[in-house]
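Single-letter residue listing:
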Amino acid sequence: MTKRVKIDQLGGEVGERVTIEGWLYNKRSSGKLHFLELRDGSGICQCVVFKGDVSAEIFAKADHLSQETSLRVSGVVREHAKLKGTFEVGVTELEVLATPMREFPISPKEHGTDFLMDNRHLWLRSKRQHAILRVRAEIIAAVRDYFDGNGFTLVDAPIFTPNACEGTSNLFETDYHGDAAYLTQSGQLYMEAAAAAVGKAYCFGPTFRAEKSKTRRHLAEFWMVEPEVAFMDLEGDMELAEDFLVSVVARVLDKRRKELESIERDTSKLELIKKPFPRITYAQAIETLQKAGHDAKHGDDFGGDEETVISNGFDRPVIVHRYPMDLKAFYFKKDPTDPRLALNMDVLAPEGYGEVIGGGQREDDLATLEAAITHHKLPMEAFEWYLDLRRYGSFPHAGFGLGIERTVAWLCGLPHVRETIPFPRMLNRLHP
RNA sequence: UCCUGGAUAGCUCAGUGGCAGAGCGUCCGGCUGUUAACCGGAAUGUCGCAGGUUCGACCCCUGCUCCAGGAGCCA
């Protein structure tokens, strides 16, 4: 019985006889040699079948393997003849577990987006998608470890929510035993309740947006992490966002450098992500845009192009704070030095990846919050529970939300968020 | 919802009002160190769908469907 090993462990087994199980990724042949590239999820290795080492039957079998055949091979591990630090298996036994019933649609050649998205369930097996999945998993692990290790308590927010905070047109409506229920757009309001219970709370889960957005930055279903901290102001919020982002980037560089390099991410750009992040006000951002020739005026919100122009001035994320109240949600606290401004902040990633974090300090005065709800023409009764947080020991607090997919796109250097999530849900795509 | 572009072999694409094409993949053959291997040979089509113009339409016209990029939208 030979030892079963994973491909990423082969380096420690040189000279040993091992068994590996996986799928055929690619094959090259000459008259007396077959080079089988085997993929097992942990990595890819070359398995060499030499005519002189195996029975005629096994050699013939190896000649007729098609892509994605599942295999079990045994042989001795050795260092690659040409590539130092790369290991291969000199095959002595080969067992076919299952032969594909038809040709695997995704060859190692180029394909179009539509075709790949239709075959997303198979596309995930490719080297590039595998690397992205692993970076995504590392980002999520880094996010959880950061909050778990800094005194936060995970408090899960509900997915079904009772009332639309703002119009229902951008929410997915479901039938909840006869009542309308909506898929959550954010767990933030619930985190404010949680912060009063545990002090530092965060939630991590899927969120849903039904708006008909069709851009490289939008998904109908995406994952968001939302911390909320009691007795923290906007300044503390910006410091938290900065410390958190730096920690996540460092973790991914430390643990997933190989994957980033395999997808040709310029990691030197990520090495620059250090504290402190530049901070500019909304007003300064508008000035920057005007100097760059954009006809931006005070009161405009930023689109993708504007965010890129603003962030291009910096080699690390830039924090833009104090937007006009009119552009922001009802729950932001007004700047006491200029009540037309919100105590909010957005973090724009460098290299044109846009907003990855949005957050700020929340309004903690009951009367001011009630006025804001009225001003936004929202149904007061739906927010009674939320207003209770101001009735029973109101407290200054702040938080933010980070979009996982935009972060994955940024760290992996991907032009579109559709490759950052295993099975993207977009305007015109629900399958597979 | 709007603008622009697109749909031809399994995939990526070229094509012209007059016999449907290439590269890759697949299949067969060759080669002892290949790296998206290479060399030789073969098979492969509802030219997105429906209608129209024409002696003749993959090509021109109309409608529709789907996709992509962008805009709007986007606590």
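Residues numbered from 1 in each chain as written. Chains lettered and ligands numbered in written order. Predicted model: local features only at pLDDT ≥ 70, side-chain atom pairs only at ≥ 80, totals over all residues. Heavy atoms only, no water.

Undergrad: Give a detailed account of the environment of G358, specifying residues and quantitative values.
TA: Along the polypeptide, G358 turns up in strand β18 (residues 354–361). Linking G358 and A201, residues 157 residues apart in sequence, is a C-alpha distance of 17 Å. Apart from the residues within four sequence positions on either side, G358 is in contact with M345, D346, F400 and G401. (Helix = DSSP H or I, 4+ residues; strand = E, 2+ residues; numbered from the N terminus. Contact = heavy atoms within 4.5 Å.)

Undergrad: Report on the packing of helix α5 (residues 188–198) against helix α12 (residues 384–391), specifying residues and quantitative values.
TA: Remark: α5 packs on α12, axes separated minimally by 10 Å, with the N-to-C direction vectors making an angle of 35°. In this structure, α5 crosses over α12, and the sense of that crossing is left-handed. Across the interface between the two elements, Q188, L189, Y190, E192 and A193 of α5 pack against W385, Y386, L389 and R390 of α12. (Axes fitted to C-alpha atoms, helices over the stretch in contact; angles between N-to-C directions. Left-handed = near helix turned anticlockwise from the far one by under 90°.)

Undergrad: Go over the pairing of strand β6 (residues 87–98), please, and point to the residues and values.
TA: Of the pairings in the sheet, the one linking strand β4 (residues 44–50) to β6 comprises three bridges and is parallel in character. Across the sheet, residue C47 finds its bridge partner in β6, namely V89. For strand β5 (residues 70–79) and β6, the ladder comprises ten bridges, and the chain directions are antiparallel. Its bridge partner being in β6, V76 is matched across the sheet by G90. (Pairing = 2+ DSSP bridges.)

Undergrad: Residue-level account of the packing of aromatic side chains, with values.
TA: This structure, assessed with the given rule, holds 19 aromatic pairs. Put simply, the rings of Y190, F330, Y331, F332, F383, W385 and Y386 pair up and form one aromatic cluster. Above the plane of the ring of Y323 lies K328, whose end atom (NZ or CZ) is 4.6 Å from the centre. (Phe/Tyr/Trp six-rings, centres within 6.5 Å; stacked < 30°, edge-to-face > 60°. Lys NZ or Arg CZ within 6 Å of the ring centre and 35° of its normal.)

Undergrad: Give a detailed account of unusual backbone geometry, specifying residues and quantitative values.
TA: Residue P276 is reached from K275 by a cis peptide bond, and omega for that bond is -5°. Note that P276 resides in the loop between α8 (267–271) and β13 (279–281). One non-glycine residue with positive phi stands out, namely E351, at about 65°. For E351, the position within the fold is in the loop between β17 (344–349) and β18. At K377, a position not held by glycine, the phi torsion is positive, near 55°. Taking the relative accessible area as the measure of exposure, K377 reaches 75% and is therefore exposed. (Buried < 20%, exposed > 50% of the residue type's maximum accessible area, 1.4 Å probe, protein only.)

Undergrad: Please provide a residue-by-residue account of the sheet that holds strand β8 (residues 160–161), values included.
TA: Read across the sheet, three strands follow the order β8-β10-β9 without closing on themselves; strand pairing throughout is antiparallel. The open sheet has two edge strands with one neighbour each: β8 and β9 (173–176).

Undergrad: How would you sum up the domain arrangement of chain A? Please name residues and give values.
TA: Taken domain by domain, chain A holds domain 1 (3–98) and domain 2 (120–419). On a C-alpha basis, the centres of domain 1 and domain 2 stand 46 Å from each other. Taken together, the contact between domain 1 and domain 2 spans eight residues of the former and five residues of the latter. With both chains or domains summed, domain 1 and domain 2 bury close to 490 Å², and 43% of this area falls on carbon and sulfur atoms. Summed over the three residues of domain 1 that lose the most area to domain 2, namely Y25, R39 and G41, the buried surface amounts to 57% of that side. Here domain 1 and domain 2 share one salt bridge between them. (Domains from an automatic or database assignment. Buried area = accessible area lost by both parts, 1.4 Å probe. Salt bridge = Lys/Arg side-chain N within 4 Å of Asp/Glu carboxyl O.)

Undergrad: Explain the environment of E13 residue by residue, including any values.
TA: Its location among the elements puts E13 in the loop between β1 (3–4) and β2 (17–30). Overall, E13 belongs to the buried group, its relative accessible area being 11%. Discounting residues that sit within four places of it in the chain, E13 has contacts with K3, V5, V18 and V77.

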